[in-house]
Amino acid sequence: MGSTLGVAVVGFGWMGRVHTQAYARVPHHFPGLSVRPELIAVADEVPGRAEEAAARYGFATAVRDWREVAADPRVRAVSVAAPNFLHREIGVAMAEAGKHLWIEKPVGLDAKDARAVAGAVAEAGVQGTVGFNYRNAPAVAAARELIAAGEIGSVTHLRIRLFSDYAAHPEGALTWRYERERGGSGVLGDLASHGVDLARFLLGEIAALTADTAVFVPERARPTGATAGHARSTDGEFGPVENEDYVSCLLRFASGARGVLEACRVSVGEQNNYGFEIHGTKGAVSWDFRRMGELGVSRGTSFQDQPVSTLYVGPGHGEYAAFQPGAANSMGYDDLKVIEAYNFLRSISEGTPYGATLEDAVHSAAALDAMARSAADSTWTSPAV
């Protein structure tokens, strides 16, 4: 298997657990990887949470203060799954301590935060991977190959949707996610950041955009205790929702293609309705996250009335072969994070970036900032990096 690599997880809500499980699974799916993650430390400020994680998953050390992780010489790589407002401080500190960094998007509250973390990673000479997991789906990799090979001709336009109901309930607690100071943006950072990454991954750079945002649930009750995930609250004091529930955005790509990106966290009746449709001069390709292993593909020379077929991804598409032996066997969300862990560890082992990097995070954050400016000013604006 090769040498062991001490890893730590900072922030042990749902995403911290996903990272931990990915570390545990990655040697099984990628046995040729030259490093093997060893769970050294877990940090969470909520009393008892880190200790529970250590007992369940086998971390050697449990602490409440992430600074102890930064000072631990046994730890060489760190997953940051803490709330957004902590990303910059923790990310910069870990890089300066010489730790490789796997950090969840959106990497802070804005592009300035993302640039600071990216700069610290570059200055320290460590590897940095970002949690843009949807690009890891083998079907998305297959779509990218189809587009690059000219199978649908020159791309004309794209539509990306990210609709969810996780914040639709009026009793959803007023956690950090809804506050500007701690969460930054709302659905922009949470879902639209994935949409921007998919758009760039598939079509290239965004040249200009215009956007509109809205808040549909203006008040929520504050939680009366520690929360994880999307908890509910009815007894706490009500306060205002300070960031957006919804965004719609028109995109212009450097290639000349056009696009529409729409995201909402309060879409009643929608559970993880994420996907895209991409049209070209000779065909089209579409993907629905809820049918992760399928692509809708139209190609040929008919143009009008050209049929659409279903492509079931299999070995040869992305990292599918590490999970299933034949086409049309299902994969799940957690598998995408195992691929992400593999890319992170491979980057460390080989000294070459694989997967989504801090530069991708900077580009995404710059586009999100541009959307926020555009929504405020009702103008076209450029996502300067």
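Residues numbered from 1 in each chain as written. Predicted model: local features only at pLDDT ≥ 70, side-chain atom pairs only at ≥ 80, totals over all residues. Heavy atoms only, no water.

## Some thoughts on the environment of Glu319
- In this structure, Glu319 sits in the loop between strand E16 (309-312) and helix H9 (333-350).
- Sequence separation between Glu319 and Asn136 is 183 residues; the distance between their C-alpha atoms is 8.0 Å.
- Look past the residues within four positions of Glu319 in its chain and what remains in contact with it is Phe30, Pro138, Ile339 and Tyr342. (Helix = DSSP H or I, 4+ residues; strand = E, 2+ residues; numbered from the N terminus. Contact = heavy atoms within 4.5 Å.)

## Overview of helix H4 (residues 84-96)
- Counted at 1.5 Å a residue, the expected span for H4 with its 13 residues is 18 Å, and the 19 Å between its end C-alpha atoms agrees.
- Within the span of H4, buried status applies to Asn84, Leu86, His87, Ile90, Gly91, Val92, Ala93, Met94 and Ala95.
- On its buried side, H4 packs onto strand E1 (3-10), helix H3 (66-70), strand E4 (77-80), strand E5 (100-103), helix H5 (111-124) and helix H7 (180-183).
- Gly98 lies just past H4 and shows a positive phi near 85°. (Expected span 1.5 Å × (residues − 1). Buried < 20%, exposed > 50% of the residue type's maximum accessible area, 1.4 Å probe, protein only.)

## Brief notes about the pairing of strand E2 (residues 35-43)
- Of all nine residues in E2, seven are buried; the element is thus mostly enclosed.
- Bridge count for E1 against E2 is eight bridges, and the pairing is parallel. Looking across to E2, one finds that Thr4 is bridged to Arg36.
- One crossover worth recording links E1 to the parallel E2 by way of helix H1 (residues 14-29), and it is right-handed.
- Pairing geometry for E2 and strand E3 (residues 61-63), over three bridges, is parallel. Bridge pairing in E3 links Val42 to Ala62. (Pairing = 2+ DSSP bridges. Right-handed = clockwise from strand over helix to strand, strands pointing away.)

## Considering the nonpolar core
- In this structure, Leu202, Leu203, Ile278, Val285, Trp287, Leu295 and Met371 are the most contacted members of the largest nonpolar core, which totals 91 residues.
- Element by element, the count of residues in this core is highest for helix H8 (residues 187-203), at ten residues.
- With near-sequence residues (within four places) excluded, Leu295 lies in contact with Ala139, Ala142, Ala143, Leu146, Val285, Ser286, Trp287, Ser309, Thr310 and Leu311.
- Of all hydrophobic cores here, the second largest spans 36 residues; its members include Val92, Ala114, Val126 and Val362. (Core = buried A, V, L, I, M, F, W, Y, C linked by side-chain atoms within 4.5 Å.)

## Comments concerning the packing of aromatic side chains
- By the definition in use, this model includes 14 aromatic pairs.
- On the basis of an interplanar angle of 85° and a centroid distance of 5.4 Å, the ring pair of Tyr23 and Trp102 is categorised as edge-to-face. Here Tyr23 is found in helix H1, whereas its partner Trp102 is found in strand E5, with 79 residues between them in sequence. The two residues Tyr23 and Trp102 agree in class, both being buried.
- Note on Phe30 and Phe323: the rings are 6.1 Å apart at their centroids and 80° apart in plane angle, and the pair reads as edge-to-face. With Phe30 in the loop between H1 and E2 and Phe323 in the loop between E16 and H9, the pair connects residues that are 293 residues apart, well separated along the chain.
- Phe323 sits in the buried class, given a relative accessible area of 12%.
- Put simply, the rings of Trp14, Tyr134, Tyr274, Phe276, Trp287, Phe289 and Tyr333 touch in pairs and so form one group of aromatic residues.
- Over the aromatic face of Phe201 sits the side chain of Arg144, whose NZ or CZ is 4.1 Å from the ring centroid.
- Taking NZ or CZ as reference, Arg346 lies 3.7 Å from the ring centre of Tyr354, over its face. (Phe/Tyr/Trp six-rings, centres within 6.5 Å; stacked < 30°, edge-to-face > 60°. Lys NZ or Arg CZ within 6 Å of the ring centre and 35° of its normal.)

## Considering the layout of surface pockets
- Within this model, the second largest pocket holds a volume of roughly 270 Å³.
- Forming the boundary of the second largest pocket are Arg135, Asn136, Ala137, Ala141, Arg144, Glu145, Phe201, Gly318, Glu319, Ile339, Asn343 and Gly355.
- For the lining of the second largest pocket, the elements supplying multiple residues, two or more each, are helix H6 (138-148) and H9.
- For the lining of the second largest pocket, the element with the highest residue contribution is H6, accounting for three residues.
- Classifying every residue of the lining of the second largest pocket by side-chain character gives four nonpolar, four polar and four charged. (1 Å grid on protein atoms, 1.4 Å probe; cavity = no way out; pocket = protein on both sides within 12 Å on 5 of 7 lines; lining within 4 Å. Points joined across faces, edges and corners; volume = space filled by probe spheres on them. Nonpolar A, V, L, I, M, F, W, Y, C, P; charged D, E, K, R; others polar.)

## Quick word on the pairing of E1
- Across the eight residues that make up E1, a large majority, six, are buried.
- Of the strand pairs in this sheet, E1 and E4 are connected by four bridges, and their pairing is parallel. What sits directly across from Val7, in E4, is Ala77.

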